[in-house]
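In case you want the letters, here they are:
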Amino acid sequence: MKTALRLLISGLLIAYPLMVWWFAQNGLTNWLLLALITLLSLSIVAQGIGHPRSWLSMAVLLVVSVTAIFADQLTGVLFYPVWMNAALLLVFVASLWRKPSVITRLATLMEGSLSEKAVAYTEKVTMVWVVFFLMNGAIALATAVHGDIELWTLYNGFISYVLIGLLFVVEWSVRRVVKNKH
């Protein structure tokens, strides 16, 4: 049941930009902040308070709420992708200082122990994700500041997901080549 709840919440958070667009189109923007806070709070509870992802969700929840207080509800809601990218950027950058890096940890879970070359490769991949989160967050910021809900939804609800998918596919392809060489 807990896994199903986590999957449902994750799906709703992925669909979040479409929810924002729908709420805005139907004049329900006053409910957006409540919907986001509810989803993030449920995410924290479903993951368990001590889980690392729950800390990420709590940080984003806090920043979204503060943004909404100092700006307005819609701005707080539109900045959610910016804060998520910023949080992920910080996690990935921090993992380069306090090793192993995020990608090294994931690779170790999948492959077992890694060679020095493999660790060096996974650290480079972590850097690629750092650059991605930096650029993606900057574009998310530009769409939020621009104030065009259709543009914001197109980028944050579609284009950014396509870019994430492309990055996964390209990295997987490069990894296969690198792995075969070593």
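You'll find the structure just up there.
The structure reproduced in this document is the subject of the present report. Note that the structure is a prediction, hence the values are computed from the model and not measured. Residue numbers restart at each chain and count upward from 1, following the sequence in its written direction. In keeping with the predicted nature of the model, local features appear solely for residues at pLDDT of at least 70, side-chain atom pairs appear and are counted solely at 80 or more, and the whole-chain, interface and lining totals rest on all residues. Side-chain calculation: all heavy atoms of the structure are included, whereas hydrogens and water are not.

1. Some remarks on the overall build of the protein chain
Helix and strand counts for the protein chain stand at nine helices and zero strands. A run of DSSP states H or I qualifies as a helix once it reaches four residues; a run of E qualifies as a strand once it reaches two. Both are numbered from the N-terminal end. Ordered by position from N to C terminus, the α and β elements of the protein chain give α-α-α-α-α-α-α-α-α. Each principal axis of the C-alpha atoms in the protein chain carries an extent, and together these give about 55 × 35 × 30 Å. Three labels apply to residues, based on accessible area from a 1.4 Å probe with only protein chains included: buried if under 20% of the type maximum, exposed if over 50%, partly exposed otherwise in between. When each of the 182 residues of the protein chain is scored for burial, the buried share is 37%. By definition, residues are in contact when any of their heavy atoms lie within 4.5 Å. For the protein chain, restricting intrachain contacts to residue pairs at least 6 apart in sequence, the fraction spanning at least 24 positions comes to 61%. Here the accessible surface of atoms and residues is derived via Shrake-Rupley with a 1.4 Å probe, and residues count as covered only by protein chains that are part of the display. In the structure as shown, the protein chain presents an accessible area of about 10900 Å², 74% of it carried by carbon and sulfur atoms. Considering the protein chain, the positive charge centre built from 12 side chains and the negative charge centre built from 7 side chains are found 14 Å apart. A residue counts as positive if it is Lys or Arg and as negative if it is Asp or Glu; His and the chain ends are not included. A charge is said to be at NZ when it belongs to Lys, at CZ for Arg, at CG for Asp and at CD for Glu.

2. What to know about helix H2 (residues 16–25)
Looking at H2, one finds that the buried residues are Tyr16, Pro17, Met19, Val20 and Phe23. For H2, the angular spread of the buried residues around the axis is 155°, confining them to a single face. On its buried face, H2 is in contact with helix H1 (2–14), helix H3 (32–47), helix H5 (73–78), helix H6 (80–97) and helix H9 (149–181). As used here, the arc is the angular range of directions from the helix axis to the C-beta atoms.

3. Quick notes on the pattern of salt bridges
Criterion for a salt bridge: a side-chain nitrogen of Lys or Arg within 4 Å of a carboxyl oxygen of Asp or Glu. For the structure shown, the criterion picks out two salt bridges. Note that Glu123 and Lys99 form a salt bridge whose closest N and O atoms lie 3.2 Å from each other. Here Glu123, found in helix H8 (residues 116–146), pairs with Lys99, found in the loop between H6 and helix H7 (102–111); they are 24 residues apart in sequence, far enough to count as distant. Of the charged contacts, one joins Arg175 and Glu171 as a salt bridge, the two residues approaching to 2.8 Å between their closest N and O atoms. Of this pair, Arg175 and Glu171 both sit in helix H9, separated by four residues, roughly a single helical turn. The class of Glu171 is buried, set by a relative accessible area of 13%.

4. Considerations on the packing of H3 against helix H4 (residues 52–70)
In this analysis an axis means a line fitted to C-alpha atoms, helices contributing only their contacting stretch, and an angle means the value between N-to-C directions, from 0 to 180 degrees. In contact at an axis separation of 9 Å, H3 and H4 are set at 160° when each is read in the N-to-C sense. As summarised for this structure, H3 and H4 are arranged roughly antiparallel, according to the angle between their axes. In the crossing of H3 with H4, the sense of the turn from one axis to the other is left-handed. Where H3 abuts H4, its residues Leu33, Leu36, Ile37, Leu40, Ser41, Ser43, Ile44 and Gln47 lie against Arg53, Ser54, Ser57, Met58, Val60, Leu61, Val64, Ser65 and Ala68. When describing relative orientation, an angle under 35 degrees is termed roughly parallel and one over 145 degrees roughly antiparallel, while 65 to 115 degrees is termed roughly perpendicular and anything else oblique. Handedness of each helix crossing follows the sense of rotation of the near helix against the far helix: counterclockwise by less than a right angle gives left-handed, clockwise gives right-handed.

5. Brief notes about the nonpolar core
Counting residues in each nonpolar core, the largest one holds 29 residues, and the members touching the most others are Val20 and Tyr80. Counting residues per element, the ones that place at least two in this core are H1, H2, H3, H4, H5, H6, H8 and H9. The element best represented in this core is H3, accounting for seven residues. What Tyr80 contacts, discounting residues up to four positions off in sequence, is Leu13, Tyr16, Leu36, Leu40, Val60 and Val64. Grouping buried Ala, Val, Leu, Ile, Met, Phe, Trp, Tyr and Cys residues that are joined through side-chain atoms within 4.5 Å yields what is termed a nonpolar core.

6. Observations regarding the packing of aromatic side chains
We call Phe, Tyr and Trp rings a pair once their centres come within 6.5 Å, taking the six-membered ring for Trp, and we label the pair stacked below 30 degrees between planes, edge-to-face above 60, and tilted otherwise. Within this structure, the stated rule accounts for nine aromatic pairs. Ring centres 5.1 Å apart and planes at 70° place the aromatic pair Phe92 and Phe133 in the edge-to-face group. Placement of the pair is Phe92 in helix H6 and Phe133 in helix H8, with a sequence separation of 41 residues. Here Phe132 and Phe133 contribute two aromatic rings whose centre-to-centre distance is 5.7 Å and whose plane-to-plane angle is 70°, an arrangement assigned as edge-to-face.

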